[in-house]
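# Breakdown of the fold
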Amino acid sequence: MKVNLALRMAWRLVWQIVLSAILAIVTFYWSIIVLERMTRNNYGIRSIFININNTFDDMILLVFGSFVLFIMYMVVLNWRRFSYYAKLSQSVEHIAKGNFDDIVPVKQDNEVTLLAENMNSLVIELKRSLDEERKAEQTKNELITNVSHDLRTPLTSIIGYLGLVEQDRYRDEVELRHYVQIAYAKAERLNVLIQDLFEYTRMRHDVIPLNKKTFNLVEMMNQLLVHYRLSLENVKMTGNLITNEHELSIVGDPDKLVRVFENLLSNAITYGHAGGRVDIYLNKHSEAATVEIVNYGEEIPSADLPHLFDRFYRVDKSRTENTGGTGLGLAIAKGIVEKHGGSIAVTSDGGTTNFQIRLPLS
């Protein structure tokens, strides 16, 4: 516990005054003795001191001489601190010009040291705030750029095909329906992007409500595999649920968590169909349920793994409609899992890609 700063400064001032007064008096008397002995054989200088002594009272000379020596000792005792004040002022002036990578020098062990440490803490916090502000600004700019790109692509197609219909530039009804189908598909994709973006924004600002209830995670994963059976069969894949548990009770929003697992299963089908199967492992570890969704397709490059849950990040940098979604799915999934007090991670090596979700049991 730090001693009260005002008390510490008062105590330091008191002992400096006392010490300076004692040293001043002792020095004055020693000076008289030394001068008396030095001028013993020099009557000219000695007569001057005798005249001064006769002109002024002894007490006045003692007080005046001691006062001068007292001031001198006070300056000497505080000189290091005065020098430190000067360095402190120069450092603060340098930092105030925007040099936030510099710090105030911390020396000695007194109240000025505490002030320097507090200034350094202030500079560090200010630098962190500025870095966060720059990062937020950069994130906002990237978000606008990515959203503009992803909105423009389907919107351009919709406008183009509907323009052909508007100008009657089609040969027959079959071609007309083909144009309308393409425009409708693009509009659906645009709707998905807008919904994902809206969901992600709500997730970032922590305003998405959770309709929590108790449900069986094992039953949910069984239903999910049934729901995706046709999608798996269309790409000649099989889905397997591997678990020794009959019931894993979770308290959470089942609709939101289903979206997480649907996203991961869809990705496994899209990118792992070459492996021929998707395995879902359900286990209980301590007070948590773990879900592992494993596919055996192409590995994710190790350089991409740390960024996989960033918004608008795609492993496939071509950003085409056929090779990736909106780039928000995994970012939304991570937000939903974390709002449930869980965690999500991914590994990809040895021909397997494994997404691990950990959720607290009820």
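Going by the structure above, here's the rest.
Okay, so let's go over this structure. (Residues numbered from 1 in each chain as written. Predicted model: local features only at pLDDT ≥ 70, side-chain atom pairs only at ≥ 80, totals over all residues. Heavy atoms only, no water.)

### Overview of unusual backbone geometry
Counted only if it meets this: Think of it this way: any DSSP run of H or I at least four residues long counts as a helix, any run of E at least two long counts as a strand, and we number them from the N terminus.
Positive phi, close to 60 degrees, is recorded for Lys 236, a residue that is not glycine. Within the element layout of this structure, Lys 236 appears in the loop between helix 7 (229-234) and strand 2 (238-243). Residue Ser 286 is not a glycine yet carries a positive backbone phi of 55 degrees. Tracing the chain through its elements places Ser 286 in the loop between strand 4 (277-285) and strand 5 (288-295).

### Considerations on helix 6 (residues 217-227)
Worth spelling out the cut-off: Each residue gets one of three labels from its accessible area relative to the maximum for its type: buried under 20%, exposed over 50%, partly exposed in between, using a 1.4 Å probe on protein chains only. The arc under discussion is defined with respect to the helix axis, by the directions toward the C-beta atoms. Pairs of N or O atoms within 3.5 Å make up the polar contacts considered here, provided that, within protein, one atom can donate a hydrogen while the other can accept it, and that residues adjacent in sequence are counted only when both atoms are side-chain atoms.
Of the residues making up helix 6, those classed as buried are Leu 217, Val 218, Met 220, Met 221, Leu 224 and Leu 225. What you see down the axis of helix 6 is that its buried residues fit within an arc of 160 degrees, all on one side. Turned more than 90 degrees off the buried face of helix 6, the exposed positions are Val 226 and His 227. Its side-chain oxygen placed 3.1 Å from the backbone nitrogen of Val 218, Asn 216 serves as the N-cap of helix 6.

### Points about the pattern of salt bridges
Put simply, the rule is: For this analysis, a salt bridge means a side-chain nitrogen from Lys or Arg found within 4 Å of a carboxyl oxygen belonging to Asp or Glu.
Following the criterion strictly, the structure yields six salt bridges and no others. Glu 175 is the partner of Arg 171 in a salt bridge, and the nearest nitrogen-oxygen pair spans 3.4 Å. Since its relative accessible area comes to 72%, Arg 171 is described here as exposed. Note that Asp 279 and Arg 277 form a salt bridge whose closest N and O atoms lie 2.9 Å from each other. It is possible to trace a salt-bridge network through shared partners that takes in Glu 125, Arg 128 and Glu 132.

### Quick word on the environment of Ala 288
Going by this rule: Every residue pair with non-hydrogen atoms within 4.5 Å of one another is taken to be in contact.
Relative to the elements of secondary structure, Ala 288 occurs in strand 5. With a relative accessible area of 6%, Ala 288 lands in the buried category. Not counting residues up to four positions away in its chain, the partners in contact with Ala 288 are Asn 283, Arg 358, Leu 359, Pro 360 and Leu 361.

### With respect to the sheet that holds strand 4
Stated precisely, the cut-off is as follows: A pair of strands counts as paired when DSSP detects no fewer than two bridges linking them. All axes here are fitted lines through C-alpha atoms, helices being fitted over the stretch that makes contact, and every angle between N-to-C directions spans 0 to 180 degrees.
Here we have five strands laid out as an open sheet, ordered 2-4-5-7-6, and mixed in their pairing. Looking along the sheet, the strands with just one partner apiece sit at the ends: strand 2 and strand 6 (343-349). Taking each pair of neighbouring strands and ignoring which way they run, the sheet shows an average axis angle of 15 degrees. Of the strand pairs in this sheet, strand 6 and strand 7 (residues 352-360) are connected by seven bridges, and their pairing is antiparallel. Looking at the pairing, Thr 347 lines up with Asn 354 of strand 7. Here helix 9 (residues 329-339) sits on the sheet and contacts strand 6 and strand 7; the angle it forms with strand 7, its principal contact strand, is near 30 degrees.

### Examining the side chain of Asn 295
Along the chain, the position of Asn 295 falls in strand 5. Within the structure, the side chain of Asn 295 is placed 3.2 Å from the backbone nitrogen of Gly 297, a separation counted as a polar contact. Excluding anything up to four places from it in sequence, Asn 295 contacts Ala 268, Gly 272, Arg 277, Gly 351, Thr 352 and Thr 353.

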